[in-house]
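Next come the chains, spelled out residue by residue.
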Amino acid sequence: MESLPGGGSGEPFIAHTFENPPPAGRKGAPAGAAATAFTTQSFALTRSGDIKVRLVLVQLADKKATIPQAAAQAAITNSSNYWKTMSNGRLSMTVTKVESRTSKATSTQRYPDMMNTIAGELGWTPSTNTALVIFVSTPTLSDGAYGAGWSYPGLSGRVIMPLPATLTNSVLTHEFGHVLGLMHANSLQCGSGAQDVATNPDGTFADSSCSIREYGDSLDLMGISQRTQPAISSTLWAYGGFGRGDEIVDAGPLTGMKKFTLTAWAGTAASRAAKFTDPVSGETYFLELRLPVSYDTTEAVDLNSGVKIVQQLGAGSLILLPDSRPFAGYYNPRQTWQPGQTFTTHAGTRVSIDAITSTSASVTVESLLSIAGKAIDPVATATPALGSPTSTVTCGLRAGGCYRNFQGGSVHWTPGTGAVATVGAIGASWGALGYENGKLGYPTSGQSCGLTGGGCYQAFQGGTIHWSPASGAIATLGAIRTAWGATGYENGKLGYPLSNEICGLTGGGCYQTFQGGSIHWSPASGAFATWGATRATWASLGYEKGKLGYPSGTETCGLTSGGCYQTFQGGTIHWSPATGAVATWGGIRGAWANLGFENGKLGYPTAGEVCGLVQGGCSQAFQGGAVYYAPGVGAFATWDPIRKAWGTQGYENGKLAYPTTNATCGQDGSCDQSFQGGFIHWTAAAGAIATSGPIGTAWAALGSSRGQLGYPVASQVCGLVNGGCSQAFQGGAIHWSPATGAFATWGGIRTTWAGLGFEKGKLGYPAGKETCGLANGGCYQSFQGGTIHWSPAAGAFATWGAIRAAWGGLGYENGKLGYPVSNEICGLVNGGCYQAFQGGTIHWSPATGAFATWGGIRTTWAGLGFEKGNLGYPAGKETCGLINGGCYQSFQGGTIHWSPATGAFATSGPIRTTWGSLGYEKGRLGYPASAQNCDLVTGACSQRFQNGTITWSAAQGSVVLP
């Protein structure tokens, strides 16, 4: 079916069917299509004879109309005249029978069904030189078609037409062309605008933007030609055996150059058109001059007046346009070639339109063999090394190329590169890479010598080949060549290439070796050179397969101390005269970067990364220290003097384990660094000292160096009593034991504890941290054997044992005694001890235990000689709430009673016994009002009470006086 515009456009389309179809053209065939040769043979012998036409005017069952017989017959006569002219009078169409019928066919049927219904009713069958032409009573056929035809062998066919109208003559003449075995006149259409295009082995176009536009040739009756009836093209003329047979000059395979003179194709002159065969592709091209003559009068005007270039496409044709890009509308106004234009076949033959007059055109056709030969000859003459030719010029290479072999090499030519010779080792190297089909493509310049080391080079489309006596001839191309160029080509560090590019590396990479190193490339990294010590280190790490991967930058020098570095996908390699070339990557590299790379404290790396350390860690040595890494910890640097101190602790295998920060220094010049197990701190005065374990934790809890203790001033010392350890700090110390944990001591409390022998003394190890905020600004700290209390007024003193318990029973510092003002003092009479407090004392003896004394009672006891006097040690605590607000306290040798009215006086012996028998202070005597007085000579004693006196003598005993 012909795909021309349908209803409403004014351009109805026509359709045809071949019951025994002629051959289809191979060019542009769908992939896999079974196509014949590029130029097919004639469908039949020369067309001749009078075709007998049976004309039937058919009224459809559902639509009636007057069908003008005269118009129908006139259209057949018009067609007969056209084909008689095309065939030099051998063909004609004569109506032998006219009939009118009413059919069961309807206007709603598809036109093939409509034709089959009517033909069946007529009983028509095909026979040689016969045709059935049916006009039906509807203005258009189904799908807007304005005609359809069927063809059979023996110049037989049938045609169905709607009611006669303005386009009937052209359409019916077109349909008789199908009856004669002709297909459509098409055009090549390419999005690229290509003049001509090659085909793939399966017949599809090599240029994927190209396709065949059916009916695209409006300078041919078999194209979109309903308006007029232009002459059929020379291709269809030759295919159908039309004319006299002398109209087309056949130049055959054109290997040189030939000039043609063309006259109007619609005229009658002999040799008015020409055809030639491209010697490379084997395709045949027809050249014809379209002028406004005879049947071309209407169409061959403006840019459609000129030289038409057309190919046979099976039983049809394919016009090759100056611009094959899609055009708007249905009639292309630019179908012929004008003076000064040149058409080039896809295989390279050139058709030059030299001149066009009102009657003729001058055309020059030159084959690619001729064009290339003219270019190759002078190059061969100018290249003595080629010697004599050993072959003729051969074309058909990629990109329209040609070549000629010589004793010493070859000359290759393309329209884009011109003719260039290749000789010697460079030519052999190019050949080994596939000549023009390889990566290098065609040569673009001659060989140039005089390079360093006696070298030569030659440029190609895709790169160059360099040769030297030392390296041989090797190609460079693409990104690797660009990278080599950036180093100065053969004059740079790399020198000449030693091998061709080798690909298939990991990640799709390639590399090429040079005298001074190599260049590696990958899609992810680009192309970069490596050489010298940096390359050797990279090699030792496995090149691109190792941790570093591909190089990702060029080697950069001018670093501090004359160093250089090069980046890789996975890290860098740094080199200096002092350290050599060493790689860094990962977390260790990141830590080094944070410290300023080689410009920082660490300087250059001095050894590669070493792994397999404890906890899965790694380390790397640098000029100024090392960086350690462990999973979950990260990477941090250490350097002297902190690094040395860490080393004394066993590095990562010791108590401190891995560093968790870099060293941090303060304005005072001190530095500290955290580790998993503690810290190391350095000051100019004390050097670098580590803190670790529970002592380090306790120090950290106190604010580390910013806390009360300040910096450590000595290393941790262990082996103390009961397995303990201690460490001295600027402001104190921290002691640890398995039983107590780690606690700090400082200030007055620490001084007091020191005076008591530290952990070896009665207090043992501290068992709690110093706690302040007590009464009157005091503080205390617990120890294994007691506590030390401090206040601004009292200072720091320890309490322990029974005395501490007694003090505690009185409310500690919040009680009457207040803070201790002395440590416990022993060695008293009968093994006793005492301790002074702000408000009194506590005395202890093995016989009495510990009891406090204060106030008036204590003063009275003191006046009696304390524990050395008659009363001895206190045997109970002061008890108040007696009559008249009194208090008393028991001692070993008596008691001391106090009242506001009397003060404090002791009672003892027989007098106390007698007073007691009278009810003590509740009796008639009341409180004692004086001390007991005894006569040293007689031994008699007396004591005054509020309401009387008691005397005693050995002779009389106790006597109570009023």
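An unreviewed UniProt entry annotates the protein as Pregnancy-associated plasma protein-A of Arthrobacter oryzae.

1. Topic: the domain arrangement of the protein
Here the domain parsing of the protein yields domain 1 (12-21 + 45-181), domain 2 (183-366) and domain 3 (847-961). Taking only C-alpha atoms, the centre of domain 1 and the centre of domain 2 are 30 Å apart. Here domain 1 packs against domain 2, burying approximately 1900 Å² in sum over the two surfaces, 59% of which is carbon and sulfur. For domain 1, the biggest contributors to the area lost against domain 2 are Y82, M86 and H174; these three give 31% of the whole. In this structure, the connection of domain 1 to domain 2 is made through 0 salt bridges. Put simply, domain 1 and domain 2 have 11 residue pairs in polar contact (both at pLDDT 80 or more) between them. Contributions of two or more residues to the side of domain 1 that touches domain 2 are made by β1 (13-18), α1 (69-86) and α3 (168-179). Counting residues per element, the side of domain 1 that touches domain 2 draws most heavily on α3, at 7 residues. Tallied by class, residues from the side of domain 1 that touches domain 2 come to 10 nonpolar, 14 polar and 2 charged.

2. Comments concerning the pattern of salt bridges
Summed over the entire model, instances satisfying the criterion amount to 17 salt bridges. With a closest N to O distance of 3.0 Å, D246 and R244 form a salt bridge. The class of D246 is partly exposed, set by a relative accessible area of 32%. Judged by relative accessible area, which is 41%, R244 ranks as partly exposed. With its nearest N and O atoms 3.9 Å apart, the salt bridge here joins K308 to E288. Here the residue K308 occupies a position in strand β13 (residues 306-313), and E288 occupies one in strand β12 (residues 284-290), the gap between them amounting to 20 residues. Here K308 matches E288 in class, with each residue buried. Look at the salt bridges and you will find they share partners, linking D217, E288, R290, D296 and K308 into a network.

3. Points about the state of the cysteines
A covalent bond between the sulfur atoms of two cysteines is referred to as a disulfide. For the coordinates displayed, the defined rule picks out 12 disulfides. Covalently, C190 is tied to C210 through a disulfide, its sulfur atoms 2.0 Å apart. Residues C190 and C210 are joined through a disulfide that is right-handed, its torsion about the S-S bond being 110 degrees. One end of the pair, C190, is in strand β7 (residues 185-190); the other, C210, is in strand β8 (residues 210-213), and 20 residues separate them in sequence. Given a relative accessible area of 0%, C190 falls into the buried group. A sulfur-sulfur separation of 2.0 Å characterises the disulfide bridge that pairs C557 with C564. The sign of the S-S torsion, about 110 degrees, decides the handedness of the disulfide formed by C557 and C564: right-handed.

4. So, the sheet that holds strand β44 (residues 732-737)
Spatially, the 4 strands line up as an open sheet ordered β42-β43-β44-β45, and their pairing is antiparallel. Two strands bound the open sheet, and with one partner strand each, they are β42 (717-718) and β45 (741-746). Note that strand β43 (residues 725-729) and β44 share 5 bridges and pair antiparallel. Looking at the pairing, A728 lines up with A733 of β44. Sitting on the sheet, helix α12 (residues 747-755) is in contact with β44 and β45, with an inclination near 105 degrees to β45.

5. Focus: the UniProt feature "domain: Peptidase M43 pregnancy-associated plasma-A" (unreviewed entry) in the protein
When the UniProt feature table is mapped onto this chain, "domain: Peptidase M43 pregnancy-associated plasma-A" (unreviewed entry) is found at residues 168-199. End C-alpha to end C-alpha, residues 168-199 measures 38 Å, and it is 38% helix and 19% strand.

6. Overview of the packing of α1 against α3
When two helices pack together, you describe them by how their axes are tilted relative to each other and by the distance separating the axes. Packing of α1 against α3 leaves a shortest axis separation of 9 Å and a crossing angle of 55 degrees. With respect to α3, the axis of α1 lies oblique. When you trace α1 past α3, the crossing you get is right-handed. The residues of α3 that touch α1, namely those facing A74, A75, I76, N78, S79, Y82 and W83, are T168, N169, L172, T173, F176 and G177.

Rules behind the numbers
- Residues numbered from 1 in each chain as written.
- Predicted model: local features only at pLDDT ≥ 70, side-chain atom pairs only at ≥ 80, totals over all residues.
- Heavy atoms only, no water.
- Domains from an automatic or database assignment.
- Buried area = accessible area lost by both parts, 1.4 Å probe.
- Salt bridge = Lys/Arg side-chain N within 4 Å of Asp/Glu carboxyl O.
- Polar contact = N/O pair within 3.5 Å; in protein donor to acceptor, adjacent residues only side chain to side chain.
- Helix = DSSP H or I, 4+ residues; strand = E, 2+ residues; numbered from the N terminus.
- Nonpolar A, V, L, I, M, F, W, Y, C, P; charged D, E, K, R; others polar.
- Buried < 20%, exposed > 50% of the residue type's maximum accessible area, 1.4 Å probe, protein only.
- Disulfide = S-S within 2.5 Å.
- Pairing = 2+ DSSP bridges.
- Contact = heavy atoms within 4.5 Å.
- Axes fitted to C-alpha atoms, helices over the stretch in contact; angles between N-to-C directions.
- UniProt positions renumbered as here; feature names shortened; annotations may be inferred.
- Parallel < 35°, antiparallel > 145°, perpendicular 65-115°, else oblique.
- Left-handed = near helix turned anticlockwise from the far one by under 90°.

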